[in-house]
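# A structural walkthrough
Residues per chain are reported as follows:
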Amino acid sequence: MARSGHKTATATKHGVVSPSMKHIIFDFDGTLADTLPHVLDIGEEVTGLIIDRKQIEVLRNKPMKVILKEFKIPLRRVPRYLIQGKKLLLKRNDKITPIKGIESVLKDLKKAGYDMQIVSSNSAPIIVSFLRRYKIEQYFSSVHGNIGLFSKAQALKKIIKRQNKQIGECIYIGDEVRDIEAAKKINLSIVAVTWGFNGEQILKEHDPNALAIKPSQLAGKIASL
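In what follows, the accompanying structure is described.

So, how was this worked out
Residues numbered from 1 in each chain as written. Predicted model: local features only at pLDDT ≥ 70, side-chain atom pairs only at ≥ 80, totals over all residues. Heavy atoms only, no water. Pairing = 2+ DSSP bridges. Helix = DSSP H or I, 4+ residues; strand = E, 2+ residues; numbered from the N terminus. Axes fitted to C-alpha atoms, helices over the stretch in contact; angles between N-to-C directions. Parallel < 35°, antiparallel > 145°, perpendicular 65-115°, else oblique. Left-handed = near helix turned anticlockwise from the far one by under 90°. Contact = heavy atoms within 4.5 Å. Buried < 20%, exposed > 50% of the residue type's maximum accessible area, 1.4 Å probe, protein only. Right-handed = clockwise from strand over helix to strand, strands pointing away. Salt bridge = Lys/Arg side-chain N within 4 Å of Asp/Glu carboxyl O.

Let's shift gears to the sheet that holds strand β4 (residues 115-119). Ordered by their spatial adjacency, six strands build an open sheet running β5-β4-β3-β6-β7-β8, and the pairing between neighbours is parallel. At either margin of the open sheet sits one strand with a lone partner, and together these are β5 (142-144) and β8 (210-212). Here the average twist between neighbouring strands, direction ignored, is 25°. Bridge count for strand β7 (residues 189-193) against β8 is three bridges, and the pairing is parallel. Note that in β8 the partner of Val 193 across the bridge is Ala 212.

Direction vectors running N to C along helix α7 (residues 152-162) and helix α8 (residues 177-185) enclose 55°, while the axes themselves pass 8 Å from each other. By the angle between their axes, α7 is oblique relative to α8. Along this stretch, α7 crosses α8, giving a crossing that reads as right-handed. Across from Lys 152, Ala 153 and Leu 156 in α7, the residues of α8 making contact are Arg 178, Asp 179, Ala 182 and Lys 185.

This paragraph deals with the pairing of β4. With respect to burial, β4 is a largely interior element, five of its five residues being buried. Across the two faces of β4 the burial is the same, with Asp 115, Gln 117 and Val 119 and Met 116 and Ile 118 all buried. Taken together, the four bridges between strand β3 (residues 23-26) and β4 define a ladder with parallel strand orientation. Counterpart to Ile 25 in the pairing with β4 is Gln 117. Of the strand pairs in this sheet, β4 and β5 are connected by three bridges, and their pairing is parallel. For Gln 117, the partnering residue across the bridge sits in β5 and is Ser 142. Assessed by its sense of winding, the connection that carries the chain from β4 through helix α6 (residues 124-133) to β5 is right-handed.

This part covers the pattern of salt bridges. A full pass over the atoms with the stated rule returns 10 salt bridges. Across the pair Arg 92 and Asp 41 runs a salt bridge whose closest N-O atoms are separated by 3.5 Å. Residue Arg 92 is located in the loop between α4 (78-91) and α5 (102-111), and its partner Asp 41 is located in helix α1 (residues 36-47); the two are separated by 51 residues in the primary sequence. Taking the relative accessible area as the measure of exposure, Arg 92 reaches 22% and is therefore partly exposed. Between Lys 152 and Asp 179 there is a salt bridge, with the nearest N and O atoms lying 2.9 Å from each other. Taken together, the residues Lys 152 in helix α7 and Asp 179 in helix α8 connect sequence positions 27 residues apart. Summarising the burial analysis for this pair, Lys 152 and Asp 179 share the class buried. If you follow the salt bridges from partner to partner, you end up with Asp 41, Glu 44, Arg 53 and Arg 92 in one network.

Okay, structure coming up:
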């Protein structure tokens, strides 16, 4: 919704988007890129476990710590698995595809005047290669990778501060409970999306500012904040 003093909001096929300058911070894996199938395969490879694909929806609605406990994976091993996983994911980079429908949403948001960037625990080379391959790099002003699995709140805060932006001017888009938790720690508005790593049920339980069930809803959810 446009504020007083700003131009009238622009209508698009994906919803009403505010023309006022807002900064949108996207998570990458599961939010922009459909990496879940690859992460599952790689998870099995680095841990030696077998993940029942029929149980994926159940797992998507459980916290990461609970999943680690159920699979008897000690927390101390997670950093090592992440390092191994990133190397294997890099080898699969040409097989990873964008979330269906996300490109047209990015186009509308860019046209409406939003500044967009990516902040991810994934490596910057993987992200940049992905953006270039699918010719969507023009939508993003910057890419910040390797920020760490358990320190997202401080990473987001530092990046926003370093770019001389205000937290109140930014909106975060993520697909995991930890994205919601990180945003809340620094009073950053967040739109949680249900097409990534965590499911609708658990995301709702953690009360994001808005929830998008499909990409076509995203622009409208952003404009509502």
